[in-house]
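Reading the structure
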Amino acid sequence: MSSRRSRSRQSGVSRNITDDQITDLVAKLQQLIPEIRNRSSDKVSASKVLQETCNYIRSLHREVDDLSDRLSNLLATTDSDSAQAAIIRSLLM
């Protein structure tokens, strides 16, 4: 048994999530993920939704990394005292 589960049982606090809550959360995720939202069929398994969610988060991380690299490169080629450099630095913070 996980330590988190053990602690919650020991403290007397129950944090059980119902099947309906899981279904609702999966449906909300399904609406947020473009790969699934753009499909014509409404029936997608919860495991597929979770898999696509993980893939989407990974792609967002890659995109953020790429944009950060591009901004860093742009900053390196810009006069450090310019207004453009100040804007780029504010985007990187």
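Here the structure is a predicted model, which means the values were calculated and not measured.

In this section: the overall build of the protein. Summing up its helical and strand segments, the protein has five helices and zero strands in all. The buried share among the 93 residues of the protein stands at 14%. Pairs at least 24 residues apart make up 7% of the contacts formed inside the protein by residues separated by at least 6 positions. About 7,700 Å² of surface is accessible on the protein, with carbon and sulfur atoms providing 52% of the total.

Attention now goes to the confidence of the model for the protein. Looking at the protein, pLDDT values average 83 and 82% of them are 70 or higher. Helix H2 (residues 19-32) holds the highest mean pLDDT among the elements of the protein, 93, whereas helix H1 (residues 3-11) holds the lowest, 51.

In this section: the pattern of salt bridges. What the rule picks out here adds up to three salt bridges. Of the charged contacts in the structure, one is a salt bridge between Lys 48 and Glu 52, with a shortest N-O distance of 3.2 Å. On the criterion of helical spacing, the pair formed by Lys 48 and Glu 52 is a turn pair, its members being four residues apart in helix H4 (residues 46-76). We classify Lys 48 as partly exposed; its relative accessible area is 27%. According to the relative accessible area criterion, Glu 52 is buried, its value standing at 11%. For Arg 70, the salt bridge identified is with Asp 66, shortest N-O distance 3.9 Å. Taken together, the residues span about one helical turn, with Arg 70 and Asp 66 both in helix H4 at a distance of four residues. Using a relative accessible area of 40% as the deciding quantity, one classes Asp 66 as partly exposed.

All right, on to the nonpolar core then. Counting five residues, the largest nonpolar core is built from Val 26, Ile 33, Ile 36, Val 44 and Val 49. Setting aside chain neighbours within four positions, we find Val 26 in contact with Ala 46 and Val 49.

We now examine a nonpolar patch on the surface. Taken together, the side chains of Ile 17, Ile 22 and Leu 25 make up a nonpolar region of the molecular surface, amounting to roughly 260 Å² of accessible area. Within the secondary structure, Leu 25 sits in helix H2.

Quick look at H4 now. Taking 1.5 Å per residue, 31 residues should reach 45 Å; H4 reaches 45 Å between its end C-alpha atoms and fits that length. Every buried residue of H4 is accounted for by Val 49, Glu 52 and Thr 53. Packed against the buried residues of H4 are H2 and helix H3 (34-37).

Cut-offs used in this document
Residues numbered from 1 in each chain as written. Predicted model: local features only at pLDDT ≥ 70, side-chain atom pairs only at ≥ 80, totals over all residues. Heavy atoms only, no water. Helix = DSSP H or I, 4+ residues; strand = E, 2+ residues; numbered from the N terminus. Buried < 20%, exposed > 50% of the residue type's maximum accessible area, 1.4 Å probe, protein only. Contact = heavy atoms within 4.5 Å. Areas by Shrake-Rupley, 256 points an atom, 1.4 Å probe, with all protein chains shown as cover. pLDDT = per-residue confidence, 0-100. Salt bridge = Lys/Arg side-chain N within 4 Å of Asp/Glu carboxyl O. Core = buried A, V, L, I, M, F, W, Y, C linked by side-chain atoms within 4.5 Å. Patch = residues over 30% accessible without salt bridge, like charges linked within 9 Å, V, L, I, M, F, W, Y side chains within 5 Å. Expected span 1.5 Å × (residues − 1).

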